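So you can see what is in the structure, the chains are spelled out below.
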Amino acid sequence: MHSTRKLKILHLTSHLDTGGITSYIRLLGLAMSERGHRISVLSAGGALAGKFAANGIKTPIFPVRKKSIVDPSLYMTLPGISALIQKEKYDILHAHTRVTQALSFFLGRANKVPVVTTCHGFYKRNLGRKLFPAWGSRVVAISEPVAQELKKVHRVLESKIRVVPNAIDLKESVFRFSQHNAQEIRLRHKIPEGSIVVGCTARLVRDKGQEILVRAIAELLPTHPEIFLLLVGSGREKENLEKTIRDLHLKGRVALVGQLEDISEALAVTDIFVHPAFHREGFGLGIAEAMAVGRPVVITDIPAINSIFRPGECSVMAKPADVSSLAGAIRFLMEAPGEKVRIAQAGRHLVGSLCDVDRMADQMEAIYRELAPS
């Protein structure tokens, strides 16, 4: 029988700016705090640090936002973090990025504290991973395909791997969504009246496929002049996307709105959500968030997206990096209102069970208790 002793858990991540890892840690941290566990999140700080503090989660700051695990300045933080661990007497270290996994390897050994890592996606088995895996005593995979990759490519022992799908706060998502005035948002982003809005929320990087989506909109526009594309996110592809929009004469039909702290603002005006990535992804949190508020979704045929979001039942699937296939999937939802409603309802039902916070907290608590002293 597991102990009911409350645990002290230190999460380690590079920063607390807007992003999937920050959202994951905050949601898990809040759920574990509600169960009486004491949670801290160590990072280099960030725009959302105040939200953690407002919920009673400590956010010690150390300069750990580094690009490489061989950066000597990274390891200069070890004495200070060790002192914190000894003072607070943490039961578990939970690392979420490559640099904090490397740090946690040394911190765990020096302080005799077990280490959990979360594998938030697919990673290359480069020389650094071969020589210094630093996966910890338990490795959390956010989907079954990620777990298979850990076993086959990174050669992590199956006994160390635990599959814990991502979660979203469904009640909070629906509440935030309900608070938005869609008409005001349409005016703010200069969305013409009567437009059918295709929404996409993701980092602006090549393999997320936004350029493919822009070209698909251009293909649809002659027969569907009411279509409008709302792209949410920031990243190095912004200039390329702006050029593509100009070259295809899409001014007034595409809006690049940058990063939004709350993507429910974009979802409030989205009629069809599209995730056009053409490289494998660990989970697809943006897809789940769109489904949670009843938006029909178009996905691409990539792992693990194609195994999680049930194409045909809960989503419409397109070929990756295929403009015409993506345009066809969007056209299908525009022209089949009955299917659009059915798919939206099925998607909402799927995430209601798959992305439940209590389920994630139960699974994570069980993992922590496997390792923590009773």
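Residues numbered from 1 in each chain as written. Predicted model: local features only at pLDDT ≥ 70, side-chain atom pairs only at ≥ 80, totals over all residues. Heavy atoms only, no water.

Student: What is the right way to look at the packing of helix α10 (residues 210-220) against helix α15 (residues 323-335) in this model?
Tutor: Two numbers describe a pair of packed helices, the interaxial angle and the distance between the axes. Relative orientation of the contacting elements α10 and α15 amounts to 65°, with a least axis distance of 8 Å. For α10 against α15, the interelement crossing comes out right-handed. Of the residues in α15, those in contact with Ile212, Leu213, Arg215, Ala216, Glu219 and Leu220 of α10 are Val323, Ser324, Leu326, Ala327, Ile330 and Arg331. (Axes fitted to C-alpha atoms, helices over the stretch in contact; angles between N-to-C directions. Helix = DSSP H or I, 4+ residues; strand = E, 2+ residues; numbered from the N terminus. Left-handed = near helix turned anticlockwise from the far one by under 90°. Contact = heavy atoms within 4.5 Å.)

Student: Help me understand the packing of α10 against helix α11 (residues 238-247) in this model?
Tutor: Packing of α10 against α11 brings their axes to within 10 Å, and their N-to-C directions diverge by 15°. For the element pair α10 / α11, the angle class is roughly parallel. Viewed along their axes, α10 and α11 form a crossing whose handedness is right-handed. Only Asn240, Leu241, Thr244 and Ile245 of α11 make contact with α10, whose side of the interface consists of Gln210, Glu211, Val214 and Arg215. (Parallel < 35°, antiparallel > 145°, perpendicular 65-115°, else oblique.)

Student: Got a minute to help me understand unusual backbone geometry in this structure?
Tutor: The bulk of non-glycine residues show a negative phi, and the bulk of peptide bonds are trans. Cis geometry is found at the peptide bond from Pro303 to Ala304, where omega equals -5°. Residue position: Ala304 is located in the loop between β11 (297-300) and α14 (305-308). Positive phi, normally seen in glycine, also occurs at Ala134, with a value near 55°. Summarising the element assignment, Ala134 is placed in the loop between α6 (127-131) and β5 (138-141). The exposure class of Ala134 is buried, given its relative accessible area of 8%. (Buried < 20%, exposed > 50% of the residue type's maximum accessible area, 1.4 Å probe, protein only.)

Student: It is not clear to me how the pairing of β5 should be interpreted in this structure. Could you clarify?
Tutor: Here β5 shows a buried face lined by Arg138 and Val140 and a second buried face lined by Val139 and Ala141. Across four bridges, strand β4 (residues 115-119) lies against β5 in parallel orientation. Counterpart to Thr117 in the pairing with β5 is Val139. Pairing of β5 with strand β6 (residues 161-163), which is carried by three bridges, proceeds in the parallel orientation. Bridge pairing in β6 places Ala141 opposite Val163. Between β5 and its parallel partner β6, the chain crosses via helix α7 (residues 144-152), and the hand of that crossover is right-handed. (Pairing = 2+ DSSP bridges. Right-handed = clockwise from strand over helix to strand, strands pointing away.)

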